[in-house]
Amino acid sequence: CDEVEKMYMENILGKLPTTHDASAGIEKDMSQLNTNTKVERNYNEALNSYRSRLKANMKDAVDLMMKWPKADNGPNPEYEESLNQMIKSICGDNTSFMKEFIAELMEQSIAVCGPPPCKFTMVGLGSLARGESTPYSDLEYLFLTENNNHEEYFLNLHFYFQIKVLNLGETPLPVLGIKGSNDFYTEKEKLSHVFYDDTTPSRFKLDGNRPWASKLPPGHEGTEKKDPIKLTGTPKYVAELSTNESNEKNGYHLATIISTATNIMGDEGLFEEFRIQLAR
């Protein structure tokens, strides 16, 4: 993955990797991430540090459940409220950490790809938007852009960001949908083989590159039944993907996913405009 990153920088971004561009060289001190503990500069260590804290919090929740009076003693609103508040706190901490962690990864990607040519916003979808994400969840996201004139930049930014995520070593290869190993756009009956990755741990990663998934800025390719679609564009364009008409055309729960979103980083005005367009 390190070699891929260097090749991408040189051949796609047109930059020669330097000590300031390489992953280890541009990462900022991550101790400011909201973990209530000192976090190391390494992204894997930041994730694992938070995961350790999360496991401790979950143990507290389990301990509370073990003390729960038996059901035949009747309702126990005190215990129920305590457990609800504990779970709510855990979910809130998870969401805050993941949004800051993802924003940090994207900021480092921008530092390499160069400043955005127009206003943009990174919008979280799925479990992150619902406040249910964990440091093991898939990431689904899109780009809101001020206009449609800079598609190449935002595609390059996304793919470099994807390389940063791959470098964490928590993405099984089939998630990438590499046609030479897992071609999800060809009928299974016509495939000569399907690769199963039983080596790479499946933890924090991007949404799978499959026609029924791919809730990422590049979207997905066209199929026999569905047109190609991208998830990068103006607030009006993206909001229109939430309509019933779009749902019938695109499927794969896209309209529902688009309707629930959260601002990860970028221009807040674009996100507010997106919310207004959604309401319309």
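Refer to the structure above for everything that follows.
Residues numbered from 1 in each chain as written. Predicted model: local features only at pLDDT ≥ 70, side-chain atom pairs only at ≥ 80, totals over all residues. Heavy atoms only, no water.

Draft legend 1. Examining the overall build of the protein chain more closely. The number of helices and strands found in the protein chain is 10 helices and 6 strands. Radius of gyration (C-alpha) of the protein chain: 21 Å, near the 19 Å computed for a compact globule of 280 residues. Expressed as lengths along the three principal axes of its C-alpha atoms, the size of the protein chain is roughly 65 × 50 × 50 Å. Sorting the 280 residues of the protein chain into buried and exposed places 45% on the buried side. About 15,200 Å² of surface is accessible on the protein chain, with carbon and sulfur atoms providing 51% of the total. Mean positive and mean negative side-chain charge positions of the protein chain (30 and 42 charges, respectively) differ by 2 Å. (Helix = DSSP H or I, 4+ residues; strand = E, 2+ residues; numbered from the N terminus. Rg over C-alpha atoms; globule rule 2.2 N^0.38 Å. Buried < 20%, exposed > 50% of the residue type's maximum accessible area, 1.4 Å probe, protein only. Areas by Shrake-Rupley, 256 points an atom, 1.4 Å probe, with all protein chains shown as cover. Lys, Arg positive; Asp, Glu negative; His and termini not counted. Charge placed at Lys NZ, Arg CZ, Asp CG, Glu CD.)

Draft legend 2. Structural detail: the environment of Arg-51. Structurally, the position occupied by Arg-51 is in helix H3 (residues 43-66). For the pair Arg-51 and Thr-134, spaced 83 residues apart in sequence, the C-alpha separation works out to 8.7 Å. Sequence-distant contacts of Arg-51, defined by excluding residues within four places in its chain, comprise Pro-135, Tyr-136, Glu-170, Arg-203 and Phe-204. Among the polar contacts listed, one links the side chain of Arg-51 to the side chain of Asn-48, at a separation of 3.2 Å. (Contact = heavy atoms within 4.5 Å. Polar contact = N/O pair within 3.5 Å; in protein donor to acceptor, adjacent residues only side chain to side chain.)

Draft legend 3. Fine view of the sheet that holds strand S1 (residues 120-124). One open sheet accounts for 4 strands, arranged S5-S3-S1-S6; its pairing is mixed. Of all strands in the sheet, those bounded by a partner on one side alone are strand S5 (232-233) and strand S6 (262-266). As judged from the 5 bridges shared by S1 and strand S3 (residues 141-145), these two strands associate in the antiparallel manner. Looking at the pairing, Gly-124 lines up with Tyr-141 of S3. Its contacts with the sheet place helix H4 (residues 77-113) against S1, S3 and S6, and it is angled at close to 35 degrees to S6. Together, S1, S3 and S5 form the strand contacts of helix H6 (residues 151-166), whose direction differs from that of S3 by roughly 150 degrees. (Pairing = 2+ DSSP bridges. Axes fitted to C-alpha atoms, helices over the stretch in contact; angles between N-to-C directions.)

Draft legend 4. Representation of the pattern of salt bridges. If you walk through the whole model with that rule in mind, you get 8 salt bridges. Put simply, Glu-151 and Lys-230 hold a salt bridge, and the shortest N to O gap is 3.6 Å. Here Glu-151 is found in helix H6, whereas its partner Lys-230 is found in the loop between strand S4 (205-206) and S5, with 79 residues between them in sequence. Overall, Glu-151 belongs to the partly exposed group, its relative accessible area being 39%. (Salt bridge = Lys/Arg side-chain N within 4 Å of Asp/Glu carboxyl O.)

Draft legend 5. Quick peek at unusual backbone geometry. Despite not being glycine, Tyr-252 has its phi angle at roughly 40 degrees, a positive value. The residue His-253 is not glycine, and still its phi comes out positive at about 60 degrees. With respect to the secondary-structure elements, His-253 resides in the loop between helix H8 (244-250) and helix H9 (254-259).

Draft legend 6. Representation of a nonpolar patch on the surface. A grouping of Leu-173, Ile-178 and Phe-195 is seen on the molecular surface, where their side chains present a nonpolar patch of about 230 Å² in accessible area. Residue position: Leu-173 is located in the loop between H6 and S4. By relative accessible area, Leu-173 is classed as partly exposed at 36%. (Patch = residues over 30% accessible without salt bridge, like charges linked within 9 Å, V, L, I, M, F, W, Y side chains within 5 Å.)

Draft legend 7. Layout of empty space enclosed by the protein. Within this structure, the stated rule accounts for 2 cavities of 30 Å³ or more. In this structure, the largest cavity spans a volume of roughly 70 Å³. Elements that contribute at least two residues to the lining of the largest cavity include exactly H4, helix H5 (126-130) and strand S2 (138-139). Lining the second largest cavity are Thr-145, Asn-147, Asn-148, His-150, Glu-151, Phe-154, Lys-230, Thr-232 and Gly-233. (1 Å grid on protein atoms, 1.4 Å probe; cavity = no way out; pocket = protein on both sides within 12 Å on 5 of 7 lines; lining within 4 Å. Points joined across faces, edges and corners; volume = space filled by probe spheres on them.)

Nothing here speaks to function; it is geometry throughout.
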